[in-house]
Amino acid sequence: MKKRYLLPFVLLALAACDKEFLNQQDPNAVSVDAYFKTENDVQLAVNGVYQALRAGNTLGETSTLYSEERSDNTGRDDNQSNAGEPFQFNDFSLLAGNTYLRTHWSSMYDGIARCNTLLSRIDQVVFSSEALKQRYIAETKFVRALLYFHMVRKFGDIPLSIHEIRTKEEANEIAFREKEAVVYQQIVADLSDALASDLPNTHWEYAVGRTSKAAIHALLGQVYLTMGATLADNKADNFLQAEQHLTAAYGMRTFNKLTEIPYADVFDVTKKNTCQELIFQIQYLQGDQNYSSSIARNNQARGETINSQFNSTGIGGNVKLDLVNDYEPNDIRKEFSVRFAAHPQVNDWFITKFRDNSDAAGTAGWGGNDWILIRHADVMLLLAETKMHLNKTEEAIALLDEVRERAGLPAYAIAREDATYNAKYPTLKDAILHERRVELAFENHRWFDLIRNYNAEELVDYFRTKSQADYGNAQLSNISTKDRYYPIPFDEYKLDPERMYQNRGY
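Report follows, based on the coordinates.

1. Focus on the pairing of strand β2 (residues 338-341)
Part 1 of the argument: Two strands pair when backbone bridges link them, and β2 and strand β3 (residues 348-351) are joined in this way by 4 bridges, in the antiparallel orientation. In the sheet register, Ala341 faces β3, and the bridge partner there is Asp348.
Part 2 of the argument: As consecutive antiparallel partners, β2 and β3 are separated by 6 residues, and within that stretch Asn347 has a phi angle of approximately 50°, a positive value.

Shown next as structure tokens:
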């Protein structure tokens, strides 16, 4: 594993003061203007771009609050902790003043700013190899596109910046909400540029934890699929582009059939650098207090030992009964992913999908789990969904069946002969959504799957059909069409209520 470095940039505060003593440079800091001198400086800056993804306030393993906990997979039954603000996400009572929402917004834009600074400054450095320079640019544009893709799906129209902001005036110029379609155009442009580099097809040919052509194709395919499903224009072309890029990503796999890779191997800490299903992951360092993973210990319930040697006193990662009931009989993913904790202070289901019970992680639970952002089963099911939109039904079902076969389940045609299955998943769309739910549970895909497949009115109808008893303390009756999007954080909105207009209903 490569050593990680914090981004060595210090953004200079803007001050309208001529006092000489206020203009002194911090001797312990390096200014942006003085930083970009050598290839190594750029490499460390690229490492800093990747490092921005590790945080729970961005896309790291503890970022579930901003995606998975919004869905019907998990959430929080505790509506009191931290002033009840985390509870608001799953309760559909999210307020624009929520401090967690504000932190997520600012952290995501901080990551984007890191990308912009690097891309704006890289021409200052003379490279021994133009290909290396283009590779660094491609990696940075991939990360920027990834961050913007998460933001545009959550908030809709958002500010769009692709250059380093150096003055207050420049900041004011971009402080307005750009339309979703324009943001998507920039995401596509960044990913298309990244594909023009000499990045290898797989991360094993470069470095695990860094991007590759397969990761770029996979993300670009999902972007086009989302555009086709949610934007009004160019639907057919977007689906065709999605098929092209997802097929390219799938074609870069280094295995034949998914059944060659046991489901448990995907999450095995000892195989995280060799598992052929993994396309892009955020790396964590086992046994290291600062860079280790905490996902195994955080999800473990009191009285249990399956996840970690850490002695948990909490309830672990919450699992909604609605999800537990959605697993089919004999689905091996259920036994691996969830378990019922019988401890009297828990008496509920908890997440077991992420495990590191090794001596290296120890009783402190400093695990080595990587956080997987893209893997081949995800790509296959996205491709199945795309082919469904293109009326290539047989090809879509073939991909669906391969995922089901690994899970120990019958093929789709056989499953449909079962009255229960057919009643729950009457269409191919329902079947693919179900398969993505149980295959990718707790991997932060579920909310995005729902809002890609249901418009605002359909989303309300979908949640309103659920049983409150299977959903927990969060109230299903709270959901309304406004909940398709998150509110713009109040601090951002109040700066310019006209250009930073609030989403409807908030």
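2. Regarding the nonpolar core
The nonpolar side chains of a soluble globular protein tend to be buried, and buried together.
Part 1 of the argument: Judged by nonpolar contacts, the single largest core of 116 residues is most densely connected at Ile158, Ile187, Leu191, Val223 and Phe280.
Part 2 of the argument: The biggest single contributor to this core is helix α5 (residues 130-155), with 13 residues.
Part 3 of the argument: Not counting residues up to four positions away in its chain, the partners in contact with Ile158 are Trp105, Tyr109, Tyr148, Met151, Val152, Phe176, Arg177, Glu178 and Val183.
Part 4 of the argument: Residues Ile451, Tyr454, Leu459 and Val460 belong to the second largest nonpolar core, which totals 16 residues.

3. What about helix α7 (residues 180-195)?
Part 1 of the argument: The terminal C-alpha atoms of α7, which comprises 16 residues, lie 23 Å apart, in line with the 22 Å expected from a rise of 1.5 Å per residue.
Part 2 of the argument: Among the residues of α7, those classed as buried are Glu180, Val183, Tyr184, Gln186, Ile187, Val188, Asp190, Leu191, Ala194 and Leu195.
Part 3 of the argument: Those residues of α7 hidden inside the fold are in contact with α5, α8 (213-230) and α9 (235-251).

4. Considerations on the packing of helix α14 (residues 393-406) against helix α17 (residues 428-439)
Part 1 of the argument: Running from N to C, α14 and α17 cross one another at 30°; their axes reach a closest spacing of 11 Å. Here α14 is positioned roughly parallel relative to α17, judged by the angle of their axes. You can see that α14 and α17 cross each other, and the crossing is left-handed. Side by side, α14 and α17 meet where Thr393, Ala396, Ile397, Leu400, Val403, Arg404 and Arg406 of the first sit next to Leu428, Ala431, Ile432, Glu435 and Glu439 of the second.
Part 2 of the argument: Its residues assigned to classes, the contact of α14 with α17 shows 7 nonpolar, 1 polar and 4 charged.

5. So, the pattern of salt bridges
Part 1 of the argument: Summed over all chains, the structure comprises 43 salt bridges.
Part 2 of the argument: Here Arg102 and Asp491 are joined by a salt bridge, their closest N and O atoms 3.1 Å apart. A residue pair is termed long-range when its members are at least 10 positions apart, and Arg102 in helix α4 (residues 99-121) and Asp491 in helix α20 (residues 490-495) qualify at 389 residues.
Part 3 of the argument: Accessibility expressed as a relative area gives 36% for Arg102, which makes it partly exposed.
Part 4 of the argument: Among the residues examined, Asp491 registers a relative accessible area of 28% and is labelled partly exposed.
Part 5 of the argument: Between Arg333 and Glu435 there is a salt bridge; the shortest N-O distance is 2.5 Å. Separated by 102 residues along the polypeptide, Arg333 in helix α12 (residues 332-337) and Glu435 in helix α17 bring together distant segments of the chain.
Part 6 of the argument: Judged by relative accessible area, Glu435 falls into the buried class, the value being 0%.
Part 7 of the argument: Each of the salt bridges in this network shares a partner with another, and the network as a whole consists of Glu277, Glu328, Asp331, Arg333, Lys353, Arg375, Arg404, Arg406, Glu435, Glu439 and Glu443.

6. Looking at the side chain of His217
Part 1 of the argument: Among the secondary structure elements, His217 is positioned in helix α8.
Part 2 of the argument: A distance of 3.0 Å separates polar atoms of two side chains, one belonging to His217 and the other to His245.
Part 3 of the argument: Ignoring anything within four residues of it in the chain, the contact list for His217 reads Leu195, His245, Leu246, Ala248, Ala249 and Met252.

7. A word on the side chain of Thr352
Part 1 of the argument: Relative to the helices and strands, Thr352 is located in the loop between β3 and β4 (371-375).
Part 2 of the argument: Since its relative accessible area comes to 0%, Thr352 is described here as buried.
Part 3 of the argument: When neighbours within four sequence positions are excluded, Thr352 is seen to be in contact with Ile306, Asn307, Glu335, Phe336, Ser337, Val338 and Arg339.

8. Points about the packing of helix α13 (residues 376-389) against α17
Part 1 of the argument: It is the contact of α13 with α17, at a shortest axis distance of 10 Å, that shows an interaxial angle of 170°. Our classification of the angle between α13 and α17 gives roughly antiparallel. Where α13 approaches α17, its residues Ala377, Asp378, Leu381, Leu382, Ala384, Glu385 and Met388 are matched on the opposing element by Leu428, Lys429, Ile432, Glu435, Arg436 and Glu439.
Part 2 of the argument: Across the contact of α13 with α17, the residue classes tally to 7 nonpolar, no polar and 6 charged.

9. Remarks on the packing of aromatic side chains
Part 1 of the argument: Scanning the model with the defined rule gives 24 aromatic pairs in all.
Part 2 of the argument: Seen from their ring centres, Phe92 and Phe463 are 5.2 Å apart, and the 75° between their planes marks the pair as edge-to-face. Placement of Phe92 in the loop between α3 (87-91) and α4 and of Phe463 in helix α19 (residues 456-464) is noted, with a sequence separation of 371 residues between them.
Part 3 of the argument: Relative to Phe354, the ring of Phe267 lies with its centre 6.1 Å away and its plane at 85°, an arrangement referred to as edge-to-face. Within this pair, whereas Phe267 is found in the loop between α9 and β1 (278-282), its partner Phe354 is found in the loop between β3 and β4, the two being separated by 87 residues in sequence. Per residue, the accessibility class of Phe267 equals that of Phe354, and both read buried.
Part 4 of the argument: Cluster of aromatic residues (ring-pair linked, three or more members): Tyr66, Phe89, Trp105, Tyr109, Tyr148, Phe155 and Tyr486.
Part 5 of the argument: The side chain of Arg153 reaches across the aromatic face of Phe448, ending 3.7 Å from its centre.
Part 6 of the argument: Sitting over the face of the ring of Phe336, Arg355 holds its NZ or CZ atom 4.2 Å from the ring centroid.

10. As for the environment of Ser120
Part 1 of the argument: Structurally, Ser120 can be placed in helix α4.
Part 2 of the argument: Each C-alpha atom of the pair Ser120 and Ser93 lies 40 Å from the other, and the pair is 27 residues apart in sequence.
Part 3 of the argument: In this structure, Ser120 is in contact with His163, Glu164 and Arg166, ignoring residues within four places of it in sequence.
Part 4 of the argument: Looking at Ser120, its side chain comes within polar contact range of the main-chain oxygen of Asn116, at 2.8 Å.

Definitions and cut-offs
- Residues numbered from 1 in each chain as written.
- Predicted model: local features only at pLDDT ≥ 70, side-chain atom pairs only at ≥ 80, totals over all residues.
- Heavy atoms only, no water.
- Pairing = 2+ DSSP bridges.
- Helix = DSSP H or I, 4+ residues; strand = E, 2+ residues; numbered from the N terminus.
- Core = buried A, V, L, I, M, F, W, Y, C linked by side-chain atoms within 4.5 Å.
- Buried < 20%, exposed > 50% of the residue type's maximum accessible area, 1.4 Å probe, protein only.
- Contact = heavy atoms within 4.5 Å.
- Expected span 1.5 Å × (residues − 1).
- Axes fitted to C-alpha atoms, helices over the stretch in contact; angles between N-to-C directions.
- Parallel < 35°, antiparallel > 145°, perpendicular 65-115°, else oblique.
- Left-handed = near helix turned anticlockwise from the far one by under 90°.
- Nonpolar A, V, L, I, M, F, W, Y, C, P; charged D, E, K, R; others polar.
- Salt bridge = Lys/Arg side-chain N within 4 Å of Asp/Glu carboxyl O.
- Polar contact = N/O pair within 3.5 Å; in protein donor to acceptor, adjacent residues only side chain to side chain.
- Phe/Tyr/Trp six-rings, centres within 6.5 Å; stacked < 30°, edge-to-face > 60°.
- Lys NZ or Arg CZ within 6 Å of the ring centre and 35° of its normal.

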